[in-house]
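Structural description and commentary
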Amino acid sequence: MFFSLLFSLLSFFIFLLFEIILRQINLRKTLSPINILIFALLFYFIISITFNIFVFYNPIERYLISLLYFLLYAVLYLHLFIGLSKSVSLRIIDEINYSSLKQLSLFELNKLYSEDDFFYKRVDLMIENNWLINNKNHLVCSSKGTLLVKLNIFFLDLYKIKNSG
Amino acid sequence: MIKYIFYCFCFSSLIFIFHLSIVRITNKIKFIYLIFCLLASIIFSFTILFIFSLVSFFDFEKIIVMFSINLFIFFAYIEFFSMICRGFSLRILTDVYLNKTVEINSINKIYAMGKGHSWLLKKRIDSIIKSKLIYYDGENYLLTNFGKNISTISIIFKKILKLGKGGE
């Protein structure tokens, strides 16, 4: 029992350390949660295979249980990561904290967190990831974008959500 | 153990079913409902697994595994639900789809079926005032002590992960 807990913690901290180092030296810039999750899982498999061969042999069941704990830490990290990288609310309170008087009017907030930051950087990212297609300055959904939108509309109806976004 | 893990995964999907039912019945979206669904799913899973003698009160490892799986599904579900509810990029994508084609410079105007940038900013400001992270003194928005702490932590983490200002 303790092996699984300790091994999952150890592998997660090594993953986190790698993630921070790679980001600090600009070798990793992705904001995609799926990319991060795949990287984390790959990392876990490499560590567990290395550990099993060179350090301490354990039945595969121990590593499977450890993987469940690892997945929990990974999803918590993803929550933190997505919140920090994408949250509009966090950006607003950070802008107030960055300001010299620690207070901002709606007009100043509009200027500091401009429409450019709000919309166009996201649109560029969506074009880059092939969710949207830029056709002579006109945006249209790509086929994978259309599929995602249809799924989104289905869930909005299912939850009866009228004002999303 | 593998059979047990499989059952735990199946039962933890009840979080989604419980939450969907509550949202459809009450027509309200509250964080407390999600917590309630998590607890309900854990209690339900444990009861069923206990009845079929797959877990006992002293089988700590199995109990921890059950909690981990439920928490994992819970956090993944929160992420999914918040994307549906508040996903900014997904809303832009939906608006483009609903308008068939949109000129790149007018994307800010059609956002959220024509409500636009100011509506979004106001909606987010209202929600962070409600969460007591900021307050309005009639002219400016100021941070509460709680908001100051959250923002300091956020700035530190953004620097560690090199995320820039975020929210883009």
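In the block above lies the structure referred to throughout.
Criteria and cut-off values
- Residues numbered from 1 in each chain as written.
- Chains lettered and ligands numbered in written order.
- Predicted model: local features only at pLDDT ≥ 70, side-chain atom pairs only at ≥ 80, totals over all residues.
- Heavy atoms only, no water.
- Helix = DSSP H or I, 4+ residues; strand = E, 2+ residues; numbered from the N terminus.
- Expected span 1.5 Å × (residues − 1).
- Buried < 20%, exposed > 50% of the residue type's maximum accessible area, 1.4 Å probe, protein only.
- Contact = heavy atoms within 4.5 Å.
- Buried area = accessible area lost by both parts, 1.4 Å probe.
- Salt bridge = Lys/Arg side-chain N within 4 Å of Asp/Glu carboxyl O.
- Polar contact = N/O pair within 3.5 Å; in protein donor to acceptor, adjacent residues only side chain to side chain.
- Pairing = 2+ DSSP bridges.

Quick look at helix H2 (residues 14-26) of chain B now. Structurally, the α-helix is built with 3.6 residues per turn, so residues lying three or four positions apart point the same way. All names here are of chain B. For H2, which comprises 13 residues, the first-to-last C-alpha distance of 18 Å matches the rise-based estimate of 18 Å (1.5 Å per residue) to within 8%. Every buried residue of H2 is accounted for by Leu14, Ile15, His19, Leu20, Ile22 and Val23. Looking at the residues trailing H2, positive phi occurs at asparagine 27, about 60°.

Before going further, it helps to spend a moment on the environment of serine 45 of chain B. All names here are of chain B. Mapped onto the elements, serine 45 comes out in helix H3 (residues 31-51). Along the sequence, serine 45 and asparagine 70 sit 25 residues apart, while their C-alpha atoms lie 9.2 Å from each other. Those residues in contact with serine 45 that sit more than four places away from it in its chain are Phe11, Met66 and Asn70.

Taken together, the contacts link 87 residues of chain B with 83 residues of chain A. Here chain B and chain A share an interface that buries about 8000 Å² over both sides, 68% of which is from carbon and sulfur atoms. In terms of surface lost to chain A, no three residues of chain B exceed Leu93, Ile104 and Glu168 of chain B, which account for 9% of the buried area on that side. Connecting chain B to chain A are 3 salt bridges. Among the ionic pairs, glutamate 61 of chain B bridges to arginine 62 of chain A, the shortest N-O distance being 2.8 Å. Connecting chain B to chain A are 22 residue pairs in polar contact (both at pLDDT 80 or more). Per-element tally for the side of chain B that touches chain A: the top contributor is helix H4 (residues 60-86) of chain B, with 18 residues. Sheet analysis places strand E3 (residues 138-141) of chain A next to strand E1 (residues 102-103) of chain B, joined by 2 bridges and oriented antiparallel. Counted as the bridge partner of leucine 139 of chain A is valine 102 of chain B from E1 of chain B.

All names here are of chain A. The element helix H4 (residues 88-98) is largely enclosed, with a buried count of 10 among its 11 residues. Among the residues of H4, those classed as buried are Val88, Ser89, Leu90, Arg91, Ile92, Ile93, Asp94, Glu95, Ile96 and Asn97. Measuring from the side-chain oxygen of the N-cap residue of H4 to the backbone nitrogen of serine 89 gives 3.4 Å; that N-cap residue is serine 87.

As a further point, take the pattern of salt bridges. All names here are of chain A. The tally for this structure, following the rule as stated, stands at 9 salt bridges over all chains. Arginine 91 is the salt-bridge partner of glutamate 95, the closest N and O atoms lying 2.8 Å from each other. Of this pair, glutamate 95 and arginine 91 both sit in helix H4, 4 residues apart, roughly one helical turn. Given a relative accessible area of 2%, glutamate 95 falls into the buried group.

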